[in-house]
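# Coordinates in review
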Amino acid sequence: MSDGGGTAHMVGGGMSGGGPDGTGPAGAGRPAYLPPVGIAPPGSPTPDWAALAESNERRQRRRRLLITGGTVAGVLAVAGIVTTAVLLRQDGPQGPRAAEPTPAATLAVDGPPSAVPSASAASSAPPSASASASPSAASGSPAASRSAAPSAAPTRLDDLRGARPAALGPGAAVGTAPGHTGPALLLHGSADGWAQTSAAVVDTSKSFTVSAVVRNDAATGARAVVSQGTGSYYSFYLGRDYWGSHNQWVFKVQTAAGGEDSTSRQAFSTGQATTGQWVMLTGVYDAGSKQIRLYVNGAPAQTTSVSGIWQTTGPLQIGRTRWKNTWTDPWDGALTNVQTWSQALPAERVAQLWRSGGTAAGAQPAAGWLLP
């Protein structure tokens, strides 16, 4: 037992006969005791406690630095492994992924800029979402319909039987017009605004009827709705007649060859031709009675006797006429429900046509364009 004052621990209550490990005889001059841990043997110099403490502190600092360095190295190693895994996953079997473009801005026709989805967003969208980019699906909302590419403009008018299509001039367009339901031919009084068949539609040697629903936007000038004729002159003309103070709806025909105004015969409206209003004009030729008649909004206007109508082979014209080898009287406004019959419709059929909105006379037309 130690007394706390550096007294030796006795082994077995006295001097030990064993060696330094207590198992064998002690060598000559060797102590037979073990000093306490941390206490110098008797007679040894007093330890330098300050130096020991400083040395111990240095060892502790080195230990902390080693532990800290090892921790940091471990963290960096883990981070490197994770980064490598992410890069390998991004590269994949197809090689490195291209950088995704930054969303660009597109300007709607009349709206603010909006972000265009990135390519990756578009590819991840469901089929129904990607289909909305098509013009037909994009029409679901006003904004989408503005962003969608416009459909190709039609280049011809098909008649109701599909046998007599009419080619459109570059200044003609098919669309909708205020105050009317259904397609309309939109013209602006220009020389390139018209529609034309490839050959004659009406046999002017026999009875026929021609009708159209029209809106005139021109304050002045003669304007042709429907006509047919050869290279020099029309054979019949439905439209507006205008000169000086004369401003009336008209159905007129050419009674003889030669292209002279003196051989023209007319049936006029009783009132002035209107501007900016929808009107149904109907011209009838009765070959049996040798008469032409004009109806305005289904009501008879004037009947005129004629000797006959000059038969020509020229094509049917919508929105212009041929006069003295010149294209003239371009329509300014809208035209729709253009129809012809191979008979002289009686007054009650024309009235029925008016009541139907210009679409049905109770008699099958020979041809028709721009019908609902």
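Residues numbered from 1 in each chain as written. Predicted model: local features only at pLDDT ≥ 70, side-chain atom pairs only at ≥ 80, totals over all residues. Heavy atoms only, no water.

## Description of the nonpolar core
It is characteristic of soluble globular proteins that their nonpolar side chains tend to be buried jointly. Core analysis: the largest hydrophobic core is formed by 39 residues, its most contacted members being Leu185 and Trp369. With four residues, the single largest contributor to this core is strand 8 (residues 208-216). One finds Tyr295, Trp341, Leu345 and Ala363 within the second-largest nonpolar core, a separate group that totals 10 residues. (Core = buried A, V, L, I, M, F, W, Y, C linked by side-chain atoms within 4.5 Å. Buried < 20%, exposed > 50% of the residue type's maximum accessible area, 1.4 Å probe, protein only. Helix = DSSP H or I, 4+ residues; strand = E, 2+ residues; numbered from the N terminus.)

## A few points about the sheet that holds strand 12 (residues 264-272)
Backbone hydrogen bonds hold the strands of a sheet together, and the pairing may be parallel or antiparallel. Across the sheet, eight strands lie side by side as 3-4-7-16-9-10-11-12; this open sheet has antiparallel pairing. At either margin of the open sheet sits one strand with a lone partner, and together these are strand 3 (156-157) and strand 12. Both strand 4 (residues 166-168) and strand 7 (residues 195-197) contribute to a ladder of three bridges, which runs antiparallel. Among the inter-strand pairings, Ala167 is bridged to a residue of strand 7, identified as Gln196. (Pairing = 2+ DSSP bridges.)

## Section: the environment of Gly175
Structurally, Gly175 is set in strand 5 (residues 173-175). Taking C-alpha positions, Gly175 is 6.7 Å from Leu186, a pair spaced 11 residues apart along the chain. Contacts of Gly175, omitting those with residues within four sequence positions, involve Gly182, Pro183, Ala184 and Leu186. (Contact = heavy atoms within 4.5 Å.)

## Here's the deal with unusual backbone geometry
Phi is positive for Lys324, close to 50°, though the residue is something other than glycine. Its identity as a non-glycine residue notwithstanding, Asn325 has a phi of 65°, on the positive side.

## Digging into the environment of Pro300
Relative to the elements of secondary structure, Pro300 occurs in strand 15 (residues 299-305). For Pro300 and Val350, which are 50 residues apart along the polypeptide, the C-alpha to C-alpha distance reads 8.9 Å. Apart from the residues within four sequence positions on either side, Pro300 is in contact with Leu294 and Tyr295.

## A few points about the layout of surface pockets
Taken as a whole, the second largest pocket encloses approximately 290 Å³ of empty space. Every residue lining the second largest pocket is counted, 16 residues in all, and those nearest its centre are Tyr234, Asp241, Lys252, Asp261 and Trp323. Top element by residues in the lining of the second largest pocket is strand 10 (residues 234-243). It accounts for five residues. Residues of the lining of the second largest pocket, tallied by class, amount to eight nonpolar, four polar and four charged. (1 Å grid on protein atoms, 1.4 Å probe; cavity = no way out; pocket = protein on both sides within 12 Å on 5 of 7 lines; lining within 4 Å. Points joined across faces, edges and corners; volume = space filled by probe spheres on them. Nonpolar A, V, L, I, M, F, W, Y, C, P; charged D, E, K, R; others polar.)

## Some words on the pattern of salt bridges
All told, the structure shown has six salt bridges when counted by the stated rule. Between Asp261 and Lys324 there is a salt bridge, and its shortest N-O distance comes to 3.9 Å. Linking Asp261 in the loop between strand 11 (246-254) and strand 12 with Lys324 in the loop between strand 17 (321-323) and strand 18 (326-328), this pair joins segments that are 63 residues apart in sequence. Given a relative accessible area of 40%, Asp261 falls into the partly exposed group. The shortest N-O distance in the salt bridge between Asp286 and Arg293 comes to 3.9 Å. (Salt bridge = Lys/Arg side-chain N within 4 Å of Asp/Glu carboxyl O.)

## Concerning the pairing of strand 14 (residues 291-296)
Where burial is concerned, most of strand 14 is hidden: five out of the six residues are buried. Alignment of strand 13 (residues 278-286) against strand 14, held across six bridges, turns out to be antiparallel. Paired with Gly283 across the bridge in strand 14 is Leu294. Linking two consecutive strands that pair antiparallel, namely strand 13 and strand 14, is a turn of four residues; a positive phi of about 55° is found at Lys290 within it. Taken together, the six bridges between strand 14 and strand 15 define a ladder with antiparallel strand orientation. When the sheet's bridge partners are listed, Gln291 is paired in strand 15 with Ser305. What sits between the antiparallel neighbours strand 14 and strand 15 is a turn of two residues, in which Asn297 has the positive phi angle 55°.

## Let's talk about the confidence of the model for the chain
Interpreting fine coordinate detail is not advised for predicted regions of low pLDDT. Across the chain, the average pLDDT comes to 74, with 59% of residues at or above 70. Contacts of residues 84-151 to residues separated by more than four positions or lying in other chains number 29 contacts, the stretch itself having pLDDT below 50. (pLDDT = per-residue confidence, 0-100.)

## Concerning the side chain of His180
Inspection of the secondary structure puts His180 in the loop between strand 5 and strand 6 (184-188). Given a relative accessible area of 18%, His180 falls into the buried group. At 3.3 Å, the side chain of His180 and the side chain of Thr336 are in polar contact. Those residues in contact with His180 that sit more than four places away from it in its chain are Trp278, Thr336 and Asn337. (Polar contact = N/O pair within 3.5 Å; in protein donor to acceptor, adjacent residues only side chain to side chain.)

## Overview of the environment of Val296
Position of Val296 among the secondary structure elements: in strand 14. Each C-alpha atom of the pair Val296 and Phe268 lies 9.7 Å from the other, and the pair is 28 residues apart in sequence. Among all residues touching Val296, those that are not within four sequence positions of it are Trp249, Ser269, Val279, Met280, Leu281 and Ala301.

## Structural notes on the packing of aromatic side chains
The tally for this structure, following the rule as stated, stands at five aromatic pairs. Relative to Phe236, the ring of Phe208 has its centre 5.1 Å away and its plane inclined at 45°; by these criteria the two rings are tilted. Here Phe236 lies in strand 10 and Phe208 lies in strand 8, a separation of 28 residues in the sequence. Side by side, Phe208 and Phe236 carry an identical accessibility label, which is buried. Ring plane angle 75° and centroid distance 6.3 Å describe the contact between Phe208 and Phe251, whose orientation is recorded as edge-to-face. On the criterion of sequence distance, the pair formed by Phe208 in strand 8 and Phe251 in strand 11 is long-range, its members being 43 residues apart. Each member of the pair, Phe208 as well as Phe251, is classed as buried. In this structure an aromatic cluster arises from ring pairing among Phe208, Phe236, Phe251 and Tyr285. The cationic tip of Arg320 hangs over the ring face of Trp194; the distance from NZ or CZ to the ring centre is 4.1 Å. (Phe/Tyr/Trp six-rings, centres within 6.5 Å; stacked < 30°, edge-to-face > 60°. Lys NZ or Arg CZ within 6 Å of the ring centre and 35° of its normal.)

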